[in-house]
Protein chains: 2
Amino acid sequence: MSKRIAGPEIERLIQLLAKVPGLGPRSARRAALHLIKKKDQLLGPLAAAMGEALDKVRVCSTCGNVDTADPCIICSDPRRDPATLIVVEDVSDLWALERASAMNVRYHVLGGTLSPLDGIGPDQLNIRSLVDRVSAGEVKEVILAVNATVEGQTTAHYLTDQLSGLDVKVTRLAHGVPVGGELDYLDEGTLAAALKSRTAF
Amino acid sequence: MSKRIAGPEIERLIQLLAKVPGLGPRSARRAALHLIKKKDQLLGPLAAAMGEALDKVRVCSTCGNVDTADPCIICSDPRRDPATLIVVEDVSDLWALERASAMNVRYHVLGGTLSPLDGIGPDQLNIRSLVDRVSAGEVKEVILAVNATVEGQTTAHYLTDQLSGLDVKVTRLAHGVPVGGELDYLDEGTLAAALKSRTAF
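Residues numbered from 1 in each chain as written. Chains lettered and ligands numbered in written order. Predicted model: local features only at pLDDT ≥ 70, side-chain atom pairs only at ≥ 80, totals over all residues. Heavy atoms only, no water.

(A) Molecular detail of the domain arrangement of chain A. Domain boundaries in chain A define domain 1 (8-56) and domain 2 (80-172). Placing a centre on the C-alpha atoms of domain 1 of chain A and another on those of domain 2 of chain A gives a separation of 35 Å. (Domains from an automatic or database assignment.)

The structure is reproduced here in structure tokens:
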């Protein structure tokens, strides 16, 4: 039981900051103190930005992305190719792929993976809306960019099944050696996949 | 130049979160997404807590601590011994000492260390108010809990000088082996100090 060292408002700020991913109880205290010291430059603007995000952020009704507009900035961008759809588990995966800036296409966010034990079936994910989007006819290729985990792969198989009757090509991300990766540190599964999918030099 | 992947409100939230100590550009993105997903449980309460801190936090006019009350919770606590004053550089040091819960006393926050090259002289620190507090007569011991850095020690010498005419005992933190520390990893200065200040077993 430690003594109270500051008013309840500060204690509460520390408690809430500690729940932010990347901060723990100790760094939350340091962060709170930094914010308090930089009241005008940081605490004020951050509180305002959070309030605004709270007001405006919504889930895109087309793809499941989060943004301050609906349809989101990606779905409403006319320069993106509507013929290709990248299916991801989570918005964070969408952001990661966008950072890679590899393709100028649209997305569909599932909102998770199939996990019967956790009560997550097809109805808990945005699968119906994916099938509807593809059925509309404009999409020619669906890239399944799900994680290379058991749940991700199970979900990928289920999606392939659901899309099988439609006139669309279903592809998945390549397995292989990460760029900059050292063979010595890679697992056997990845090495075997990289060998099998070897390409001409 | 990366493409915009979300509305300006979300981009701004990420930019500001990246300035919080403990978060970088990458973890700020993850934190923003987590906050947006937990709108009601985390983003809302955190925005409110920040707004409240912004409104209420002030610097204690007695000791220089930050709190939502002035005098702060420590200065206004009648159970704390007013005869001993711990002088620290920063509020974070005050919090660290309070976590150690070693002494039930009051504090004085300097707000930094003497650093002529950076334009920080005695007038930029809360030194005048320290001398005034001690001159009032109630304080019998001043513990200089400044960092064991060159600047900290310079400041300690200056303070000792300023307090020398007053009826008060000036002490400093002991140097020695950190609890749980291994001798092999300690620098020579610390080991020499620990030997010099050896105590009976």
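Right, picking up where we left off after that structure.
(B) How the structure looks around the interface of chain A and chain B. In this assembly, 57 residues from chain A lie in contact with 57 residues from chain B. Buried surface at the junction of chain A and chain B, summed over both partners, amounts to about 5500 Å²; 71% is from carbon and sulfur atoms. Seen at the junction of chain A and chain B, the total is four salt bridges. Note that glutamate 9 of chain A is salt-bridged to lysine 56 of chain B, the shortest N-O span being 3.2 Å. Where chain A touches chain B, the interface holds 12 residue pairs in polar contact (both at pLDDT 80 or more). Those elements that provide at least two residues to the side of chain A that touches chain B are helix H1 (8-17), helix H2 (25-37), helix H3 (39-56), strand E2 (66-67) and helix H4 (91-100) of chain A. Considering every element that reaches the side of chain A that touches chain B, the biggest residue donor is H3 of chain A, with 14 residues. Within the side of chain A that touches chain B, the residues separate by chemical class into 30 nonpolar, 10 polar and 17 charged. (Contact = heavy atoms within 4.5 Å. Buried area = accessible area lost by both parts, 1.4 Å probe. Salt bridge = Lys/Arg side-chain N within 4 Å of Asp/Glu carboxyl O. Polar contact = N/O pair within 3.5 Å; in protein donor to acceptor, adjacent residues only side chain to side chain. Helix = DSSP H or I, 4+ residues; strand = E, 2+ residues; numbered from the N terminus. Nonpolar A, V, L, I, M, F, W, Y, C, P; charged D, E, K, R; others polar.)

(C) Structural detail: the relation of the copies chain A and chain B. Turning chain A through 180 degrees and shifting it by 0.0 Å along the axis lays it on chain B, with an RMSD of 0.1 Å. Overall, the copies show the geometry of a two-fold rotation axis. Across chain A, the rotation axis passes nearest the C-alpha of alanine 47 of chain A, at a separation of 2.5 Å. The residues that chain A uses at the interface reappear at the interface of chain B in 100% of cases, marking a shared surface. (Least-squares fit on C-alpha atoms with pLDDT ≥ 70 in both.)

(D) Local environment of the packing of H2 of chain A against H3 of chain A. All names here are of chain A. Orientation of H2 relative to H3, taken along the N-to-C sense of each, is 110 degrees, at an axis distance of 6 Å. Classified by the angle their axes make, H2 and H3 are roughly perpendicular. Taking contact as the criterion, the partners of His34, Leu35, Ile36 and Lys37 in H2 are, on H3, Lys39, Leu42, Leu43 and Leu46. In the contact of H2 with H3, the residues fall into five nonpolar, one polar and two charged. (Axes fitted to C-alpha atoms, helices over the stretch in contact; angles between N-to-C directions. Parallel < 35°, antiparallel > 145°, perpendicular 65-115°, else oblique.)

(E) Representation of the side chain of aspartate 77 of chain B in the model. All names here are of chain B. Checked against the element boundaries, aspartate 77 lands in the loop between strand E2 (66-67) and strand E3 (81-88). Exposure remark for aspartate 77: the relative accessible area of 12% places this residue in the buried category. Polar contacts involving the side chain of aspartate 77 include one to the main-chain amide nitrogen of arginine 79, which spans 2.9 Å. (Buried < 20%, exposed > 50% of the residue type's maximum accessible area, 1.4 Å probe, protein only.)

(F) Looking closely at the pattern of salt bridges. Counted under the stated rule, the structure contains 14 salt bridges over all chains. The partner of lysine 37 of chain B in a salt bridge is aspartate 90 of chain A, with the nearest N and O atoms 2.7 Å apart. One end of the pair, lysine 37 of chain B, is in helix H2 (residues 25-37); the other, aspartate 90 of chain A, is in the loop between strand E3 (81-88) and H4, on a second chain. With a shortest N-O distance of 3.2 Å, lysine 56 of chain B and glutamate 52 of chain B are connected by a salt bridge. Taken together, the residues lysine 56 of chain B and glutamate 52 of chain B, both in helix H3 (residues 39-56) and four residues apart, mark about one turn of the helix. By sharing partners, the salt bridges in this structure join Asp77, Arg79, Arg80 and Glu98 of chain A into a single network.

(G) Just helix H6 (residues 150-163) of chain B, in detail. All names here are of chain B. Look at H6: 20 Å from first C-alpha to last across 14 residues, which is about the 20 Å you get at 1.5 Å a residue. Gly152, Thr155, Ala156, Leu159 and Leu163 are the residues of H6 that are buried. Projected down its long axis, H6 shows its buried positions confined to an angular sector of 105 degrees, all on one face. Exposed side chains of H6 directed beyond 90 degrees from the buried face belong to Val150, His157 and Asp161. (Expected span 1.5 Å × (residues − 1). Arc of directions from axis to C-beta.)

(H) Seen up close, the nonpolar core. Core analysis: the largest hydrophobic core is formed by 78 residues, its most contacted members being Leu17, Leu46 and Met50 of chain A together with Leu17, Leu46 and Met50 of chain B. Looking at which domains feed residues into this core, each of domain 1 (8-56) and domain 2 (80-172) of chain A gives three or more. For leucine 17 of chain A, the contacting residues outside a window of four places in its chain are Leu23, Ala28, Ala31, Ala32 and Leu35 of chain A together with Leu46 and Met50 of chain B. (Core = buried A, V, L, I, M, F, W, Y, C linked by side-chain atoms within 4.5 Å.)

(I) A look at the UniProt feature "zinc finger region: C4-type" (unreviewed entry) in chain A. Per the UniProt entry, the sites bearing "zinc finger region: C4-type" (unreviewed entry) are residues 60-75 of chain A in this numbering. End-to-end, the C-alpha atoms of residues 60-75 of chain A are 8 Å apart, and along that stretch the chain is 0% helix and 12% strand. (UniProt positions renumbered as here; feature names shortened; annotations may be inferred.)

(J) Seen up close, the pairing of strand E6 (residues 169-172) of chain A. Residue and element names in this part refer to chain A. The pairing of strand E5 (residues 141-144) with E6 spans four bridges and is classified as parallel. Of the residues in E6, the one forming a bridge with isoleucine 143 is threonine 171. The parallel pair E5 and E6, bridged by helix H6 (residues 150-163), forms a crossover whose chirality is right-handed. (Pairing = 2+ DSSP bridges. Right-handed = clockwise from strand over helix to strand, strands pointing away.)

(K) Examining the side chain of arginine 80 of chain B more closely. Residue and element names in this part refer to chain B. The topology assignment puts arginine 80 in the loop between E2 and E3. What makes arginine 80 buried here is its relative accessible area of 2%. Within polar-contact distance, the side chain of arginine 80 engages the side chain of glutamate 98 at 2.8 Å.

(L) A look at the pairing of strand E5 (residues 141-144) of chain B. Residues and elements named next belong to chain B. Taking every second residue as pointing to the same face, both faces of E5 are buried, with Glu141 and Ile143 on one and Val142 and Leu144 on the other. In the sheet, E3 pairs with E5 via four bridges, with the strands oriented parallel. Counted as the bridge partner of leucine 85 is valine 142 from E5.

(M) The arrangement of the sheet that holds strand E4 (residues 105-109) of chain A in detail. Residues and elements named next belong to chain A. Reading across the sheet, the four strands line up as E4-E3-E5-E6 and stay open at both edges, with parallel pairing between neighbours. Since the sheet does not close on itself, it has two edges, and those belong to E4 and E6, each with one partner. Between one strand and the next, the sheet's axes are offset by a mean angle of 25 degrees, whatever the strand orientation. Relative to E4, helix H5 (residues 128-135) is tilted by about 150 degrees, and along the sheet it contacts E3, E4 and E5. Sheet strands in contact with H6 are E3, E5 and E6, and its direction is about 165 degrees off that of E5.

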